Amino acid sequence: MSETTFPRRDADGRVLHLAELLASVAVGLVLGILALLVIDGLSSLFGLGRFGQLSGWLAGILPVWLFIEEFRAWHQVRGRIGMALVSGFLAAVLGIAVAAVAESALPPLGSGAVGSAVSALLYGVLWYVGIRWLADRGVPR
């Protein structure tokens, strides 16, 4: 019996397709948001704060875990640290900007979740394209 995983990976543990990476990020974000809603709801029921005041940025924990595994799988490519830093910086700047705009209409849970989603999805695209570009340029693996 063969075991299939999602997202599918090559022999080195690298995600094979961008669509699968982004789908996995989206699933991780949804699970993170659902977990935050439950935790925030329970804490508000017990009088530990108002609903919606938990940071929505915590929804990005599962995607970050996926990206760490992806980073480790590309250990043979020189420049992966630089690619991760540049991708992370750009994704964080855009995510923070979007969260700041959303902050006027949403509580911290919502604005942080939106910012986390934008950051995670942008990072996924930048990382996937960038690391393959580095690898295809002949940078030693």
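Residues numbered from 1 in each chain as written. Predicted model: local features only at pLDDT ≥ 70, side-chain atom pairs only at ≥ 80, totals over all residues. Heavy atoms only, no water.

## Regarding the pattern of salt bridges
For the coordinates displayed, the defined rule picks out 4 salt bridges. A salt bridge links Glu 20 to Arg 8, with the nearest nitrogen and oxygen atoms 2.4 Å apart. Here Glu 20, found in helix α1 (residues 18-45), pairs with Arg 8, found in the segment before α1; they are 12 residues apart in sequence, far enough to count as distant. Taking the relative accessible area as the measure of exposure, Glu 20 reaches 10% and is therefore buried. The partly exposed category is assigned to Arg 8, whose relative accessible area is 44%. A salt bridge links Arg 72 to Glu 69, with the shortest nitrogen-to-oxygen separation between them at 3.2 Å. With Arg 72 and Glu 69 both in helix α2 (residues 61-73) and 3 residues apart, the pair spans about one turn of that helix. One network of salt bridges, with partners in common, ties together Asp 10, Asp 12 and Arg 14. (Salt bridge = Lys/Arg side-chain N within 4 Å of Asp/Glu carboxyl O. Helix = DSSP H or I, 4+ residues; strand = E, 2+ residues; numbered from the N terminus. Buried < 20%, exposed > 50% of the residue type's maximum accessible area, 1.4 Å probe, protein only.)

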